[in-house]
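Coordinate analysis (summary)
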Amino acid sequence: MKYTQGKYIIKNKSAIAKNTYSYTVRCPEVADIAQPGQFAHIRVDGFTLRRPVSICEIDKKCGTIRIVFEIRGNGTEELSKLNEGSLIDMLAPLGHGFTLNSKFKKVILIGGGIGTPPMLSLAQYYGEKSVAITGFRGAGSVILQEDFKNSGAENIVCTDDGSYGIHGFVTQPFGDILKKGGIDAVYACGPMPMLKKISEMSKENNIANCEISLEERMGCGIGACLVCACKTKKNDEEYFAHVCKEGPVFNAEEVIW
Amino acid sequence: MSDLSVNVCGVNFKNPIIPASGVFGYGREYEELFPLSALGGIATKGTTITRRNGNPSPRIAETPSGMLNSVGLQNPGIDKFIDTELPNLLKKNTVILANIAGSTIDECVKIAEKLSSTDVHMIELNISCPNVKQGGAAFGTCPETAGEITRKVKNVLPDKPLVVKLSPNVTNITDIAKSVEAGGADAVSLINTVLGMRIDINTGRPILKNNVGGMSGPAVFPLAVRMVWQTANAVKIPVIGMGGVSSGKDAIEMMMAGASAIQVGAAIFTDPFAPIKIIQEMNDFLDTKKIKSISDIIGSVKPW
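Residues numbered from 1 in each chain as written. Chains lettered and ligands numbered in written order. Predicted model: local features only at pLDDT ≥ 70, side-chain atom pairs only at ≥ 80, totals over all residues. Heavy atoms only, no water.

Focus: the overall build of chain B
Secondary structure summary: chain B contains 10 helices and 16 strands in total. A compact globule built from 304 residues should have a C-alpha radius of gyration of about 19 Å, and chain B, at 18 Å, falls within 12% of that. Projected onto its principal axes, the C-alpha positions of chain B cover 50 × 50 × 45 Å. Counting the 304 residues in chain B, one finds 62% classified as buried. Excluding contacts between residues fewer than 6 apart, the proportion of contacts in chain B whose partners are at least 24 apart in sequence is 72%. Taken as a whole, chain B presents about 11800 Å² of accessible surface, with 51% of it coming from carbon and sulfur. Each charge class in chain B can be summarised by its mean position, and for the 29 positive and 27 negative side chains these summaries are 3 Å apart. (Helix = DSSP H or I, 4+ residues; strand = E, 2+ residues; numbered from the N terminus. Rg over C-alpha atoms; globule rule 2.2 N^0.38 Å. Buried < 20%, exposed > 50% of the residue type's maximum accessible area, 1.4 Å probe, protein only. Contact = heavy atoms within 4.5 Å. Areas by Shrake-Rupley, 256 points an atom, 1.4 Å probe, with all protein chains shown as cover. Lys, Arg positive; Asp, Glu negative; His and termini not counted. Charge placed at Lys NZ, Arg CZ, Asp CG, Glu CD.)

In structure tokens form, the structure reads like this:
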């Protein structure tokens, strides 16, 4: 695994929903090797621990990556105060990303809330071969819809309160598409109950490639400190894998819920 | 360029900076960023007799100027360490301190026996892990037990320097230090983490699944300096200092308090290059002050 640490310039900042920010960062050496599903471990002034933020878009030509994050606590609040032209200290690209396969004819991408951003880089890879199903609490927290449309993916949006798109959870349209068959892969990132349900539904429908991106409180971000453990199966034996290195993307069959 | 080399109980370190056990794994991940040969030494992840899965997640929480961890000694076991990690580490041209821990005295002795026939440079016996239910801190908080375990482990390591890692979660750390010195320890290292706790007030649940965990980072630095100073004044064997060191100035300060070498932990999470920067900053300090050798500052504090 290759990664680098440096201070990179923020080329673009935008507030894309309440408490949700998007930074486009110029970092050619990161963009060059980054894969969908990987993350950046970001230093925030005044805090001991870095904040892991998933990579939303990778533009190798422009040498930029885009990250989208939600204010969850003091650290991300401080992070949101950076401006265009400021330097951001990143250790990136980290982790094991999604498996990409150019032979796949139809894939489903499912993002729940702030788990949506890493799905965009997949939508940009698969384009029209992908269906993006994204779910949010309500209209106020819907993000990245223009970007998903521009990627060529078929776009389905759900909200818990029905204030935007379909009223209900992402699992409902997901179930409908599964019934029609012909799905080569399912990729998902979002809250644990959503990921669990998607994994079960994929298994019931014999989807061989169901990959999910997990989240856990992290230390070093590169696999040394063994803090971000999650229970997995390896050769039928229980094993604490680490979200930062062996993940964040896991095959759904490996995860013990 | 000043002379940054130090000698700790007969082992030469090219500089005093050692990533602390637990933050650095076996160095593989950091090698991507800098050559391990730049480091004075490496304290490897605590190794037990058999594989341990560790505690459930979350295992980490932020604190003001620091963090808590409750990893619980996840490791592949001593045999795998000796077969797959140690040979690789011994090629890196830096001092390797194999950190070991057991839930019984017998286990610690067995692990030490296995290491005695390897080329590892030093053994760091952890009698102070706050995150395991058996052994760990239980050994390190009672002077008699600490002395007994040291004696039994040293007995099977006649040719290897034995460093005993001490807990700050005690009434008087010098009692423990004197006891392990009497037991045959060649050096002590301190402080291990300070037992702490954080609660999510929205859920009423502790943030760590283990409820409590070990606190480290800049917040514990003054506590660590005080304990290093007290211990260095209480024993004749060298003290390896650690606890919240995050700059060259911090490292100099802890060495003035009496540390012969310095371990760096949480600072590496904030900045993976912290050990390298600390070495450079120490060198700059010595150059500015026209001090020829870092050894000259060890224990040089002039108390009031």
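Concerning the nonpolar core
Core analysis: the largest hydrophobic core is formed by 137 residues, its most contacted members being Ile110 and Ile133 of chain A together with Leu115 and Leu166 of chain B. Counting residues per element, this core draws most heavily on helix H3 (residues 105–116) of chain B, at 6 residues. When residues of this core are sorted by domain, at least three fall in each of domain 1 (4–94) and domain 2 (107–213) of chain A. Within the second largest apolar cluster, 24 residues are counted, among which are Cys56, Leu122, Tyr126 and Cys189 of chain A. (Core = buried A, V, L, I, M, F, W, Y, C linked by side-chain atoms within 4.5 Å. Domains from an automatic or database assignment.)

Notes on the packing of aromatic side chains
On inspection of all chains with the given rule, the structure shows 9 aromatic pairs over all chains. For the pair tyrosine 125 of chain A and tyrosine 126 of chain A, a centre-to-centre distance of 4.8 Å together with 90° between the ring planes defines the contact as edge-to-face. Look at tyrosine 125 of chain A and you get partly exposed, because its relative accessible area is 37%. Considering the side-chain rings of tyrosine 26 of chain B and phenylalanine 81 of chain B, the 5.6 Å spacing of their centres and the 40° angle between planes classify their relative orientation as tilted. Linking tyrosine 26 of chain B in the loop between strand E3 (17–19) and helix H1 (28–31) with phenylalanine 81 of chain B in helix H2 (residues 78–89), this pair joins segments that are 55 residues apart in sequence. Each of the two residues, tyrosine 26 of chain B as well as phenylalanine 81 of chain B, counts as buried. An aromatic cluster of three or more residues is present, and its members are Phe98, Tyr125, Tyr126 and Tyr187 of chain A. Here the basic side chain of lysine 234 of chain A rests over the ring of tyrosine 239 of chain A, its NZ or CZ set 4.6 Å away from the ring centre. (Phe/Tyr/Trp six-rings, centres within 6.5 Å; stacked < 30°, edge-to-face > 60°. Lys NZ or Arg CZ within 6 Å of the ring centre and 35° of its normal.)

Focus on the interface of chain B and chain A
Facing the 33 residues of chain B at the interface are 31 residues of chain A. Roughly 2700 Å² of surface becomes buried between chain B and chain A when both sides are summed, with 55% attributable to carbon and sulfur atoms. Taken as a group, Glu29, Glu62 and Thr270 of chain B account for 24% of the area that chain B buries against chain A, more than any other trio of residues on that side. For the pair chain B and chain A, the number of links is 5 salt bridges. Among the ionic pairs, arginine 51 of chain B bridges to glutamate 237 of chain A, the shortest N-O distance being 3.6 Å. For the pair chain B and chain A, the interface holds 14 residue pairs in polar contact (both at pLDDT 80 or more). No other element matches the 3 residues that strand E5 (residues 60–63) of chain B contributes to the side of chain B that touches chain A. Looking at the side of chain B that touches chain A, its residues break down into 16 nonpolar, 10 polar and 7 charged. (Buried area = accessible area lost by both parts, 1.4 Å probe. Salt bridge = Lys/Arg side-chain N within 4 Å of Asp/Glu carboxyl O. Polar contact = N/O pair within 3.5 Å; in protein donor to acceptor, adjacent residues only side chain to side chain. Nonpolar A, V, L, I, M, F, W, Y, C, P; charged D, E, K, R; others polar.)

Some remarks on the pattern of salt bridges
With the rule as written, the count across this model stands at 20 salt bridges over all chains. Here lysine 2 of chain A and glutamate 32 of chain B are joined by a salt bridge, their closest N and O atoms 3.1 Å apart. Remark: glutamate 32 of chain B occurs in the loop between H1 and strand E4 (41–43) and lysine 2 of chain A occurs in the segment before strand E1 (4–17); the pair is interchain, linking two chains. The shortest N-O distance in the salt bridge between arginine 28 of chain B and glutamate 85 of chain B comes to 2.9 Å. Remark: glutamate 85 of chain B occurs in helix H2 and arginine 28 of chain B occurs in helix H1; sequence separation between them is 57 residues. Ionic contacts of the salt-bridge type, sharing partners, join the residues Glu70, Arg72, Arg137 and Glu215 of chain A into one network.

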